[in-house]
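# An overview of the molecular structure
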There are 2 protein chains.
Amino acid sequence: MTKPTMLNNVDIEKVAALTQKIQNEPKTADTKWSAEVEWKGGFRCDTRIREFSPTASDEPDALGGTDAGPNPAEQLLAALGNCLAVGYAANATAAGIKLNGMKIKIDGDLDLHTFMGLREGHAGFNNIVAQVDLKTDASPEQLKALHEKVRSTSPIGHTLQNAVRVTVKPV
Amino acid sequence: MTKPTMLNNVDIEKVAALTQKIQNEPKTADTKWSAEVEWKGGFRCDTRIREFSPTASDEPDALGGTDAGPNPAEQLLAALGNCLAVGYAANATAAGIKLNGMKIKIDGDLDLHTFMGLREGHAGFNNIVAQVDLKTDASPEQLKALHEKVRSTSPIGHTLQNAVRVTVKPV
């Protein structure tokens, strides 16, 4: 019997090859990512990422925008949800757990006082909750280990849960 | 002479009305945001935000994905760039500064060792840099104050620069 090369539509051999490559050449793990934003007037922007079509960002009418797209707060929650989904897919596959479906809902609370210039202090999210709905026949023990593994290795989760150096500078 | 109601395509009266509303009813500033992610197999997801069309998230081929859309790391950088752009537009307008254009490039470094299970520790971005290219006739003093104002009030900037409580739980 040959080992399966695909589970959960994850290419096990490709992921194993990447892991091996990082072990052989640790610098391979130093990845760099970019996005470019072009302001279109008001609170409306177009985002460009690599060769993908530009996507619209805006604020809702209640916040003074024209509601042409999700706002940055929603985009950040989506980034976390998509990262967690990759984490569950990758780690479930590594553990031999078949996933029959996954939905993640991410909610966050943000107090606008600082952004609106009405007080000093933290302008960002106060609290973010991701509710993960997995369809799987895995045992409770397997699932507990999977949740713990994803929590402890999520790039976007860790970016939010820790203070990251952010430099904003004029060109 | 009447006061202008629009500058930089920002509706000054609408923003002033929101500020007034928050001053009168502080709870108005407590905003809640959400995103929903549906896993499509592999590292591919669809994100739903309010009534907007679903957007694709994926990982590049080199990371085991099918490259159907920007990955979560890129999405997070875009969220920061879009938030900063709103901050510049809002605060320039409040200061009476006309913007003739704005582009923001956001770059970030992320070490994959933790995500790949090859070591424990921080899995997130190590360093994020936003380069802000403003086209404006504002004075250097006005620009310095504008940059400082945006840095000190950016919701996504502060979310990244501070540790935020993130709860990941099964439903």
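Higher on the page you've got the structure.
Residues numbered from 1 in each chain as written. Chains lettered and ligands numbered in written order. Predicted model: local features only at pLDDT ≥ 70, side-chain atom pairs only at ≥ 80, totals over all residues. Heavy atoms only, no water.

### With respect to the interface of chain B and chain A
- Chain B puts 116 residues into the contact, and the matching count from chain A is 116 residues.
- Summing the contributions of chain B and of chain A, the shared interface buries around 10500 Å²; its carbon and sulfur component is 64%.
- The three residues of chain B that bury the most area against chain A are B:Trp33, B:Trp39 and B:Val168, which together make up 8% of that side's buried surface.
- The interface formed by chain B and chain A holds eight salt bridges in total.
- The closest approach of N and O atoms between A:Arg50 and B:Asp67, which form a salt bridge, is 2.9 Å. (Contact = heavy atoms within 4.5 Å. Buried area = accessible area lost by both parts, 1.4 Å probe. Salt bridge = Lys/Arg side-chain N within 4 Å of Asp/Glu carboxyl O.)

### With respect to the sheet that holds strand β6 (residues 99–111) of chain A
- Across the sheet, which stays open at both edges, the six strands sit in the order β5(B)-β4(B)-β3(B)-β6(A)-β7(A)-β8(B) with mixed pairing between neighbours. Lying at the two open borders of the sheet, with one neighbouring strand each, are β5 (55–57) and β8 (165–170) of chain B. On average, each strand axis in the sheet is inclined to that of its neighbour by 20 degrees, with strand direction left out of account.
- In this structure, β6(A) lies alongside strand β3 (residues 30–39) of chain B, joined through nine bridges in antiparallel fashion. Its bridge partner being in β3(B), A:Ile106 is matched across the sheet by B:Ala35.
- Strands in contact with helix α2 (residues 72–94) of chain A are β6 and β7 (125–136) of chain A together with β3, β4 (45–48), β5 and β8 of chain B; relative to β6(A), the strand with the most contacts, it is inclined by about 150 degrees. (Pairing = 2+ DSSP bridges. Helix = DSSP H or I, 4+ residues; strand = E, 2+ residues; numbered from the N terminus. Axes fitted to C-alpha atoms, helices over the stretch in contact; angles between N-to-C directions.)

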